[in-house]
Amino acid sequence: MTDSTCPADHRPARRQAWRSILIAGLAVLAAACGGGGGGGSQTPPTPPPPPVRLGAPEVARFLTQASFGPTDAGIEALRDSSFESWITQQIAAPPPTQSHQATVEAALAAAQAANPSASINANNFYYSWWRQTVTEDAQLRQRMAFAYSQIFVVSLVDTAISGSSNGIRGAASYYDMLTRNAFSNYRTLLEEVTLHPVMGVYLTFLANQREDAAGTRTPDENYAREVMQLMSIGLYELNLDGTTRLNAQGQPILAYSQQDISQLAKVFTGISWYHPTPTNTTFLGGNRNPDSFVRQMIFYPQYHSFAQKSFLGVTIPARTAATVTQQTMADDLRVALDALANHPNVAPFMATRLIQQFVTSNPSPAYVERVARVFNNNGQGVRGDMGAVIRAVLTDTEARSAPSGDSFGKLREPVIRLTNWARAFGATSASGNWLIGSTSSNQVLGQTPLASPSVFNFWRPGFTPAGTTLLGARGLRAPEFQIVDEVSVAGYINTLQTAVATGIGVATAGVPDVRSAYGAEVAVADNAEALVDRMDRLVFYGALPAATRTRIVEAVNSIAIPSGATVTQAQIDAARLNRVRTAIQLSLASPDFLIQR
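None of these values were measured; they are calculated from a predicted model.

Our next topic: unusual backbone geometry. For Ala207, which is not a glycine, the phi torsion comes out positive at approximately 65°. Looking at the secondary structure, you find Ala207 in the loop between helix 11 (197–202) and helix 12 (222–229). Notably, Tyr518 is not glycine yet its phi reads approximately 55°, a positive angle. With respect to the helices and strands, the residue Tyr518 is situated in the loop between strand 8 (511–515) and helix 22 (519–522).

Our focus in this paragraph is the pairing of strand 7 (residues 504–508). On any regular strand, side chains alternate: one points to one face of the sheet, the next to the other face. The sheet contact formed by strand 7 and strand 8 spans three bridges and is antiparallel. Each bridged residue has a counterpart across the sheet, and for Thr508 the counterpart in strand 8 is Val511.

With that settled, consider a nonpolar patch on the surface. Taken together, the side chains of Leu235, Tyr236 and Leu254 make up a nonpolar region of the molecular surface, amounting to roughly 280 Å² of accessible area. Here Leu235 shows up in the loop between helix 12 and helix 13 (258–267).

This paragraph deals with the pattern of salt bridges. A complete count under the given rule lists 25 salt bridges for this structure. Where Arg391 meets Glu84, a salt bridge forms, and the shortest distance between an N and an O atom there is 2.5 Å. Separated by 307 residues along the polypeptide, Arg391 in helix 18 (residues 386–395) and Glu84 in helix 4 (residues 83–92) bring together distant segments of the chain. Judged by relative accessible area, which is 21%, Arg391 ranks as partly exposed.

With that settled, the discussion passes to the sheet that holds strand 8. Here we have three strands laid out as an open sheet, ordered 6-8-7, and antiparallel in their pairing. With partners counted over all chains shown, the strands left at the sheet margins are strand 6 (428–429) and strand 7, one partner each. Pairing analysis gives two bridges linking strand 6 to strand 8, with the strands arranged antiparallel. Among the inter-strand pairings, Ser429 is bridged to a residue of strand 8, identified as Val514.

Attention shifts here to the packing of aromatic side chains. Across all of its chains, the model carries 19 aromatic pairs by this definition. An angle of 15° between the planes, with centres 4.3 Å apart, marks the rings of Phe62 and Phe83 as stacked. Here Phe62 is found in helix 2 (residues 56–66), whereas its partner Phe83 is found in helix 4, with 21 residues between them in sequence. Neither residue differs from the other here; Phe62 and Phe83 are each classed as buried. Three or more aromatic residues link up through ring pairs in this structure, and these residues are Phe68, Trp129, Trp130 and Phe146. The ring of Phe68 has Arg143 sitting right over it, with the charged end atom 5.5 Å from the ring centre. Lying across the ring of Phe83, Arg400 places its NZ or CZ 5.2 Å from the centre.

Parameters at a glance
- Residues numbered from 1 in each chain as written.
- Predicted model: local features only at pLDDT ≥ 70, side-chain atom pairs only at ≥ 80, totals over all residues.
- Heavy atoms only, no water.
- Helix = DSSP H or I, 4+ residues; strand = E, 2+ residues; numbered from the N terminus.
- Pairing = 2+ DSSP bridges.
- Patch = residues over 30% accessible without salt bridge, like charges linked within 9 Å, V, L, I, M, F, W, Y side chains within 5 Å.
- Areas by Shrake-Rupley, 256 points an atom, 1.4 Å probe, with all protein chains shown as cover.
- Salt bridge = Lys/Arg side-chain N within 4 Å of Asp/Glu carboxyl O.
- Buried < 20%, exposed > 50% of the residue type's maximum accessible area, 1.4 Å probe, protein only.
- Phe/Tyr/Trp six-rings, centres within 6.5 Å; stacked < 30°, edge-to-face > 60°.
- Lys NZ or Arg CZ within 6 Å of the ring centre and 35° of its normal.

Below, the structure is given as structure tokens:
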């Protein structure tokens, strides 16, 4: 019915009713949108409270776990963000623009420009490692690569790798591969590790040949054994929380058998050096292509086992020699790596290893299980998402809660102690090349990156020091203590004292390449309490015990700053610097620093 059909005396009332409804509706809409009436009677919305900054101690503690050491700038930047956001940004950050491979190749080219027969050595990789580790902003990627290098181990101790310039190129390329895959999928990482020529050399399956009919030759089993024991599933079957599964007699259940090893080893036959035109000669290392040290190995069907291969509950059917091709070899490898990556042990195995590397040597089963569940499913149905896994490791309540109990924490790795010093106190390289060479001697640090003494890394993840009441009697693990002895303790203290006082690395005119001026610390050196506050912020993440603090303050105050008409500014500066060095040396030598909590 239109308005014209209504009785005339009803039209004004109807128009008035619609007008009232419209006005009321507009008022509601204005209130909902935060608007106010022209008369000023509306109450303005209450502004949201300013965001609460993260506390400097909790940020420094997080960065101690997640990076190679907190810095002033890093602490302040993260205080205005969140741990989740920081991790997201770190995962998104690309690998370094200057790779380790590019760095060592540039060093080789420079050396050969002066002397065509010149070569490089392992130190050239170590220089590059220190440069990236201390200076790169993508710290979580750097820490992941370092953790992987102690799980998927190759070592420059092996002269088959370190004995040539091309071997150094290969080692640098291998570490670049770990860095590139820091947050990729575990399955992808496992394949890239398997096909890298440095792994092929180190675990001796490069140019591995199939068994012969007479039974006088069997495939090399080295990689088949170690990829299971050390890189994927471990020795015993595991529950999701990392505890060992037991049989009816209460004994651990083996995760694989010798039969699994020998059968899996057949998959890794016929894999050898890259060459654009492969032949029997290139398989055995002749006519070497320069890129063969840094490119993935390739398949040589004539050397691959065509027998049936049964391992870990899967079977690859037998083939004839005529039907083995590069494609069928790739298929065999895919089946084998899928079987490893999908094994139920991998989630708790990798969860435990990464928690030990970043947070604590003795995670609770519940902590391991929470991280393992993320490995199995990142929330989007993806298994093996290592970015999601490290996020779970670092943001877990056990990692972020205030440490409780004497079983939480870990001994800091020796090289990480030195990176902590370099980053916290703004160390720089005079040459720009970070000329810190091998620190493997137990009279130095007892550890050098990518230079473990064996495939079992610098220490076993389940190591417990013998005869210890706190650890051994309670079955607690302390892996890094495996390289601790009287000599290594003294070696660290001496190395620390020299580094703090004069620097570390190759010396030019008697001055070590890497050193710090301690500008921020010298600025407050007149006040012992303020100076030790700096130590608490950068070294102890706000957890410096009162007793240790008192001792450091007393030591600093024992160094008087001279005054008087005859005192020179140089004498005053020297006393201030001596105070700073004393505070740093005592801090980095203290058990409260050495044990990361």
